[in-house]
Amino acid sequence: MTKASFSVKDPRNLSILTDFYELTMANGFFQSGLKDVIGVYDIFYRKVPDNGGFSIFCGLEQAIEYLENLSFSKDDIEYLQSKNMFSKEFLDYLYNFKFCCNVWSVKEGTPIFPKEPTFVVEGPVIQAQLLETTLLILMNHQTLIATKANRIVRSAMGRPVQEFGARRAQGVDAANYGARAAYIGGCASSSNTMMERDMGIPASGTMAHSWVQMFNSEYEAFKAYATLYPDSTVLLIDTYNVLKSGVPNAIKVFDEVLTPLGKRPIGVRIDSGDISYLSKKVRKMLDDAGYSDVKIIVSNSLDEYIIRELLVNDAKIDCFGVGESLITSRTTPILGGVYKLVAIKNNDGSYTPKIKISASMEKITLPYLKQVYRIYSKDTGKALADYVAIHDEIIENSDEITIFSPTEPWKKQTLKNIEIKPLLIPIFKNGKKVYESPSLDEIKEYTQNQLDTLWDELKRLEYPHQYYVDYSYKLWSEQVRLLKENQ
C-alpha cells in the first residue's frame, strides 16, 4: 500500500457540533423569511502566531469531509425539539437538509497572511450560518499546529523533527489531526501509531525509561531490545547516567549483539540533562568506538528557541523529538480565525457589501465576495505581495501592477516583471464537490514548494520581514465608503 492510497473518513456526524446561537439564528432566519437569502462568509485570521511572518493553511480535507456528510439525524431533531425553541417548519428543514452552497478555498499548505480570506462560503444564510463553528474548529487547529511545526522544523536546520506530542495533546482529535498538521508543516514522522495506519505518516519511537527499569540492569535492557529489533535499534541512554553507564552499555550491546549479526545501530536518545554538553560527549564516545554513523536523537520539552540555541552552541544532534510545545502550540495556543458575513447576493446576481466596524482596526472586515492574488517575481520566483480584489474585477496577468498600503494609501509601489496567480479555487459548486483532494504526501510537497517562494527574511523566528497584503483601489474605496456611511 502506498501513502497516496490512504484515505480515512471520519464516521461521525458533526452537524450539531455548533455553537447554539448558530441554530437560534438559523431558526430566526427561517421565521423571518430570510432563509433563502444568499450570504457570503469569509474565514480569515487576524494575527500570525508567535509574531511570525506567516501561517500555513491546513484542515481543508477535513472541512470537505464535514460538508459532504452534513445532515441532521432523527436524534438531532428530537434533541432540538426538546428545547421548545425551534419551529416545526425549521426542524423539518433540518431533517431534510441538503447542502447547496458554493465554497472556495486556498489549497492546503499555502502560506497565508492576516486579513485575507482563505475559505469562502456562499449560500443560503440558513445553511452558511450553521457551518461557522465546525469549520473554524477544523481549520483553526490544524493551521495553528502546521505553522508551529514549521517554525520548529526551520529551527532544526535540515535535521529531522519527529512529532512526539500525542500524550500531551488536548484530546484524541488534537493528537490525530495535530500529527497530520505537523507532518504537513514539515515533521518527518509521528509517535502516533494510528497516523501511520490511517494516514501513512511514518511512525517513530523506541522505548521509555520504564523498559530499562524493568530489567535487572541497563545493559540487559539494551541487549534485550537490540536482540528483538536489530534492524531498528535506538537506545534511550539517560535512565541512570548518560556518560558513565548509558553510552558504555550501548556500545557494549552494539559490539556484542549487532556487530556479529552484521547490523548497524540506528541511534541513541537523550531525554534529560544538559543536552548540548551531553551530545558533544556522546558524539566523541560513539566516534571513538567506531560508531560515527550512529545518530544522536534528543527530546525533553523542546521548542524552536531551545533547538536554535542548541545548534548555535554546536550541539552534536542529528534528530529532534518534539512533543508538548508542538502539539499544543504552547507559546501561542490560539490562531483566532473568524467567520464573517461580507456580502448578500441579490436576485440580479449583484452583491450588497456588508461590513463589521470596530474601534480596533484589525477587527474591521473586508466587504464583498473577493479573490486573493499572489504576485510573484519572474526574476526570483519569490512572492512579493498578496492583492485582494472584488471577485469580478479584471486582474490582468501583465508584467506590472501598482499596489498601495490600505492603511497608508499614499504609499505606492509598482511591481514589474511579475506573475499573478489567484489563490481561492472552487471546492463546492451548488453543494457538489468539484475539487479532488491530493494525498497527504502531495500536500506536504506542495507546502514545501510554497515555502520556497517566501523570502528568508519572512521566515525569521523573531522580527520577520512584513509581507504586504494590499487591496485593489475598488475594494479599498468600498470599505472606506461603508465606514463613512455607518459612522
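1. With respect to the packing of helix H3 (residues 74-82) against helix H4 (residues 88-95)
At a closest axis distance of 10 Å, the pairing of H3 and H4 adopts a crossing angle of 165 degrees. What the angle tells us is that H3 and H4 run roughly antiparallel. In terms of crossing hand, the pair formed by H3 and H4 is right-handed. Contacts from Lys-74, Ile-77, Leu-80 and Gln-81 of H3 reach H4 at Leu-91, Leu-94 and Tyr-95.

2. Here we look at the sheet that holds strand E21 (residues 468-471)
Taken in spatial order, the four strands line up as E18-E14-E15-E21 in an open sheet, and their pairing is mixed. Where the open sheet ends on each side, the last strands, each with one partner, are strand E18 (418-422) and E21. The average angle at which neighbouring strand axes cross in this sheet is 25 degrees, direction not considered. The sheet contact formed by strand E14 (residues 370-377) and E18 spans five bridges and is antiparallel. In the sheet register, Tyr-376 faces E18, and the bridge partner there is Glu-419. In the packing of helix H16 (residues 473-485) onto the sheet, the strands contacted are E14, strand E15 (383-390) and E21, and the crossing angle to E15 comes to about 55 degrees.

3. A word on the packing of helix H11 (residues 242-261) against helix H12 (residues 275-288)
Contact geometry of H11 with H12 gives a least axis separation of 11 Å together with a crossing angle of 35 degrees. Pair H11 / H12 crosses with right-handed handedness. From H11, Val-242, Leu-243, Val-247, Pro-248, Ile-251 and Phe-254 reach across to H12, where they touch Tyr-277, Leu-278, Lys-281, Val-282, Met-285 and Leu-286. A breakdown of the residues in the contact of H11 with H12 according to their chemical character gives eleven nonpolar, no polar and one charged.

Calculation criteria
- Residues numbered from 1 in each chain as written.
- Predicted model: local features only at pLDDT ≥ 70, side-chain atom pairs only at ≥ 80, totals over all residues.
- Heavy atoms only, no water.
- Axes fitted to C-alpha atoms, helices over the stretch in contact; angles between N-to-C directions.
- Helix = DSSP H or I, 4+ residues; strand = E, 2+ residues; numbered from the N terminus.
- Parallel < 35°, antiparallel > 145°, perpendicular 65-115°, else oblique.
- Left-handed = near helix turned anticlockwise from the far one by under 90°.
- Contact = heavy atoms within 4.5 Å.
- Pairing = 2+ DSSP bridges.
- Nonpolar A, V, L, I, M, F, W, Y, C, P; charged D, E, K, R; others polar.

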